[in-house]
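Analysis of the macromolecular model
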Amino acid sequence: MTKEFEAGFEGTLPATPEDCWRAITVDAGSWSWPIRYEPRVGGSETGLTFYGGEVTTWEPGERFATRCEKDGWFNELDYTFEPRGDGTHLKFVHRGVFLEDWDTNYDACRQHTAFYYHSLGEYLTHFNGRPAVYAMTEAPVASASRDGFTTLKKALGAPDAVGDRIVVLGEEGVVDYATPNFLGVRTADTLYRFYGRNAFGWPIGVGRHYFGDADDRDWAAWLAEVFG
């Protein structure tokens, strides 16, 4: 049985409305994953949803919205940008429908949203305007076990607190986000995002946003070794 949901983010970001607008509508791959929008009302959205969607509001620096719908299912994003001192107050609302396992999917949506919009703040603070090469590697199915994320953090030697120093496979960085199910690490040229999706019964994901040269590590092989 289908059921609608609503999640979102509201907070002040350390950048102008124009910079926030560009980060969301053009440079999404620098903090979440690559998504493309045709810059007009009625323009297409690609990369956000499986079916593709349509831009429903396009007011640069002020308001932006998209919607995708099919056979009773829909996914809708709505952003409002407001100047606030030296920054921008962003209100983001995500509405849609989950077709099954509503509680698990809603919990996952809320936790992922919090992580993504923290990552947006990291991007705007430390890498604003710099395009990134995005990569995502999914860990083996075995990582979906209850202790999967604990196993991953142990292999990384990850500390527990935001602000702690960490070395990610030879690269020095700092923990910028730490919850029971998600870990963010920022280095001089990369945002590493570790998604403990085992909490929802799914394999772990390791995302990277490279603002310099992409590393040559075989992440799939490393994860296979960790969960072998």
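The following paragraphs examine the structure supplied in this document. In this text, all values refer to a predicted model and were calculated from it rather than measured experimentally. (Residues numbered from 1 in each chain as written. Predicted model: local features only at pLDDT ≥ 70, side-chain atom pairs only at ≥ 80, totals over all residues. Heavy atoms only, no water.)

As for the sheet that holds strand 11 (residues 182-186)
Pairing is antiparallel across the open sheet formed by 6 strands, whose spatial order is 8-13-12-11-10-9. Lying at the two open borders of the sheet, with one neighbouring strand each, are strand 8 (133-138) and strand 9 (165-168). Along the sheet, successive strands turn relative to each other by an average axial angle of 30°, direction set aside. Against the sheet, helix 2 (residues 102-126) makes contact with strand 10 (171-178), strand 11 and strand 12 (190-195), and its axis sits at roughly 170° relative to strand 12, the strand it touches most. (Pairing = 2+ DSSP bridges. Helix = DSSP H or I, 4+ residues; strand = E, 2+ residues; numbered from the N terminus. Axes fitted to C-alpha atoms, helices over the stretch in contact; angles between N-to-C directions. Contact = heavy atoms within 4.5 Å.)

Quick look at the packing of helix 3 (residues 148-156) against helix 4 (residues 219-226)
At a minimum axis separation of 10 Å, helix 3 and helix 4 run at an interaxial angle of 115°. Relative to helix 4, the element helix 3 is oriented roughly perpendicular. Between helix 3 and helix 4 lies a crossing of right-handed hand. Of the residues in helix 4, those touching helix 3 at Thr151, Leu152, Ala155 and Leu156 are Trp222, Leu223 and Val226. Residues of the contact of helix 3 with helix 4, tallied by class, amount to 6 nonpolar, 1 polar and no charged. (Parallel < 35°, antiparallel > 145°, perpendicular 65-115°, else oblique. Left-handed = near helix turned anticlockwise from the far one by under 90°. Nonpolar A, V, L, I, M, F, W, Y, C, P; charged D, E, K, R; others polar.)

Focus: the pairing of strand 12
A large share of strand 12 lies buried, amounting to 6 of its 6 residues. Sheet topology note: the strand 11/strand 12 ladder contains 5 bridges and is antiparallel. Along strand 12, the bridge assignment pairs Val185 with Tyr192. Where strand 12 meets strand 13 (residues 205-210), 6 bridges bridge the pair, whose relative direction is antiparallel. Following the sheet pairing, Phe194 is matched in strand 13 by Val206. (Buried < 20%, exposed > 50% of the residue type's maximum accessible area, 1.4 Å probe, protein only.)

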